[in-house]
Amino acid sequence: MKDTLKHQGMRNQLAKTVAAKGITDKKVIEAIKSIPRHLFMDSSFEDHAYQDKAFPIAANQTISQPYTVAFQTQLLEIRPGDKILEIGTGSGYQCAVLIEMGAQVYTIERQNELFKKTSRFLSKIGYKPKKIIFGDGYKGLPDEAPFDGIIVTAGAPFVPKPLMSQLKVGGKLVIPVGDEIQTMTRFTRTSEKEFKKETYGDFRFVPLLEDRN
Ligand code: SAH
């Protein structure tokens, strides 16, 4: 587990690429500069870590493309101390970005192998979520609700109701919605009963899987 000046240089370059693609939130850019993304991937794939691409990790899953991570994070409009729920822990990279920006993160992963691996890894490199949970993201985390923000990092065939109801008034749900291709969608809870919906173009994610039972 090494982080070198060469890695730092590549990270600065990646941050520039992401900024050039339209990410303006400085804290997101700073997080990309700080977090050693290569450590979130198998060491034999290190060369791919600082390209702006998604990449396979364990259990048939992917670490999202840095631009996509940045885009979704920017839509959350994080303030330090915000309580954020992430659905789809995966490699833990998105979680680390949120922590680096000062959020209190709760994250759910439904694949046991990834849950175990990433729990160990995140504590080893010092990015500690408030809670990392092995469970089904469709249900959200009612015991810890309400949240300032909820981010779904897999393609959702529909918007799970529990996620909407677990938002604070003023809170935001950022979720890619669709089957093959997803529309990035942001819901802002404007009152107990009302939500504002905004859409932000097409993306491609691995699917948010329904309960295995
Ligand atoms: N945020 C991750 C991206 C992981 S890809 C990262 O930065 O690396 C999406 C993840 O969602 C996968 O790990 C997948 O196992 C997980 N997932 C799929 N369906 C889920 C569900 N119903 N509940 C929780 N996690 C789920």
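Read on for an overview of the structure. Each chain carries its own residue numbering, running from 1 in the direction its sequence is written. Confidence filtering applies because this is a predicted model: local features only for residues at pLDDT of at least 70, side-chain atom pairs given and counted only at 80 or more, and all residues used for totals across whole chains, interfaces and linings. Water and hydrogen atoms play no part in the side-chain values, which are based on all heavy atoms of the structure.

**A closer look at the overall build of the chain**
Within the chain one finds 6 helices and 9 strands. Relative to its length of 213 residues, the chain is compact, with a C-alpha radius of gyration of 16 Å against a globular reference of 17 Å. In this scheme, a residue with accessible area under 20% of its type's maximum is buried, one over 50% is exposed, and one in between is partly exposed, where area comes from a 1.4 Å probe on protein chains only. Counting the 213 residues in the chain, one finds 52% classified as buried. Whether two residues are in contact is decided by their heavy atoms, any of which lying within 4.5 Å being enough. Of the contacts formed within the chain by residues at least 6 apart in sequence, a portion of 53% connects residues at least 24 apart. Note on areas: these come from Shrake-Rupley sampling with a 1.4 Å probe, and a residue is covered only by the protein chains present in the view. In the structure as shown, the chain presents an accessible area of about 10,300 Å², 51% of it carried by carbon and sulfur atoms. A run of DSSP states H or I qualifies as a helix once it reaches four residues; a run of E qualifies as a strand once it reaches two. Both are numbered from the N-terminal end. Put simply, the radius of gyration uses C-alpha atoms, and a globule should come to 2.2 Å times the residue count raised to 0.38.

**Some remarks on helix H3 (residues 66-76)**
Among the 11 residues that make up H3, 11 are buried, leaving the element largely enclosed by the rest of the structure. Residues Pro66, Tyr67, Thr68, Val69, Ala70, Phe71, Gln72, Thr73, Gln74, Leu75 and Leu76 constitute the buried set of H3. Phi turns positive, to about 50°, at Glu77, one or two residues after H3.

**Considering unusual backbone geometry**
Of the consecutive residues Ala145 and Pro146, the connecting peptide bond is found in the cis state with omega at 5°. By the secondary structure assignment, Pro146 is in the loop between strand S5 (131-134) and strand S6 (147-152). With a phi close to 60°, Asn60 is a non-glycine residue in the positive phi region. Its location among the elements puts Asn60 in the loop between strand S1 (55-56) and strand S2 (62-63). A positive phi is found at Glu77, a non-glycine position, where the angle reads about 50°. Here Glu77 is to be found in the loop between H3 and strand S3 (83-87).

**Things to note about the pattern of salt bridges**
Note on definitions: salt bridges are taken to be side-chain nitrogens of Lys or Arg within 4 Å of carboxyl oxygens of Asp or Glu. Within the structure shown, the criterion is met by 11 salt bridges. Its salt-bridge partner being Asp136, residue Lys139 comes within 3.4 Å of it at the nearest N-O pair. Judged by its relative accessible area of 46%, Lys139 is partly exposed. Beyond isolated ion pairs, a larger network of salt bridges with shared partners links Glu77, Lys172, Arg186 and Glu198.

**Overview of the side chain of Thr185**
Here Thr185 shows up in strand S8 (residues 182-189). A polar contact of 2.9 Å, which involves the side chain of Thr185, links it to the backbone oxygen of Thr183. Here Thr185 is in contact with Leu173, Val174, Ile175, Val177, Lys197, Glu198 and Thr199, once residues within four sequence places are set aside. We define a polar contact as two N or O atoms separated by no more than 3.5 Å, with the added condition that, inside protein, one atom must be a possible hydrogen donor and the other a possible acceptor, whereas residues neighbouring each other in sequence contribute only through side-chain atom pairs.

**Digging into helix H2 (residues 26-34)**
Within H2 the residues assigned to the buried category are Val28, Ile29, Ala31 and Ile32. Down the axis of H2, the buried side of the element spans an arc of 160°, and every buried residue falls inside it. Packed against the buried residues of H2 are helix H1 (5-20), H3 and helix H4 (93-100). With a side-chain oxygen positioned 3.0 Å from the backbone nitrogen of Lys27, the residue opening H2 is Asp25. The arc in question is the one spanned by the directions pointing from the helix axis to the C-beta atoms.

**Some details on the packing of aromatic side chains**
A pair of Phe, Tyr and Trp rings is counted when the ring centres sit within 6.5 Å of each other, with Trp represented by its six-membered ring. The angle between the planes then sorts it: under 30 degrees is stacked, over 60 is edge-to-face, the rest tilted. Scanning all chains against the criterion turns up 9 aromatic pairs. Centre to centre, the rings of Phe40 and Phe121 are 4.8 Å apart; their planes meet at 85°, and the pair counts as edge-to-face. One end of the pair, Phe40, is in the loop between H2 and S1; the other, Phe121, is in helix H5 (residues 112-125), with 81 residues separating them in the sequence. Ring centres 5.8 Å apart and planes at 40° place the aromatic pair Tyr67 and Phe71 in the tilted group. Taken as a pair, Tyr67 and Phe71 lie in helix H3 at a separation of 4 residues, close to a single helical turn. For Tyr67, a relative accessible area of 17% corresponds to the buried category. The structure contains a cluster of three or more aromatic residues connected by ring pairs, namely Tyr67, Phe71, Tyr200, Phe203 and Phe205. A cation sits over an aromatic face here: Arg37 above Tyr93, 5.5 Å from the ring centre. Above the ring of Phe147, the side-chain terminus of Lys83 is found at 5.6 Å from the ring centroid. Criterion for a charge above a ring: Lys NZ or Arg CZ within 6 Å of the ring centre, and within 35 degrees of the ring normal.

**Things to note about the site of the ligand**
We call a residue near a given molecule or strand whenever any one of its heavy atoms falls within 4 Å of it. The immediate surroundings of the ligand are formed by 28 residues, with Gly88, Ser91, Glu109, Gly137 and Leu209 found nearest. Between the ligand and Glu109 there is a distance of 2.6 Å, counted from an oxygen atom to a side-chain nitrogen or oxygen. When the free accessible area of the ligand is taken as 580 Å², the share hidden by the protein chains comes to 100%. Those elements that place two or more of their residues in the shell around the ligand are S2, S3, H4 and strand S4 (104-109). In this classification, Asp, Glu, Lys and Arg are treated as charged, Ala, Val, Leu, Ile, Met, Phe, Trp, Tyr, Cys and Pro as nonpolar, and every other residue, Gly included, as polar. Looking at the shell around the ligand residue by residue, the class counts come to 11 nonpolar, 13 polar and 4 charged.

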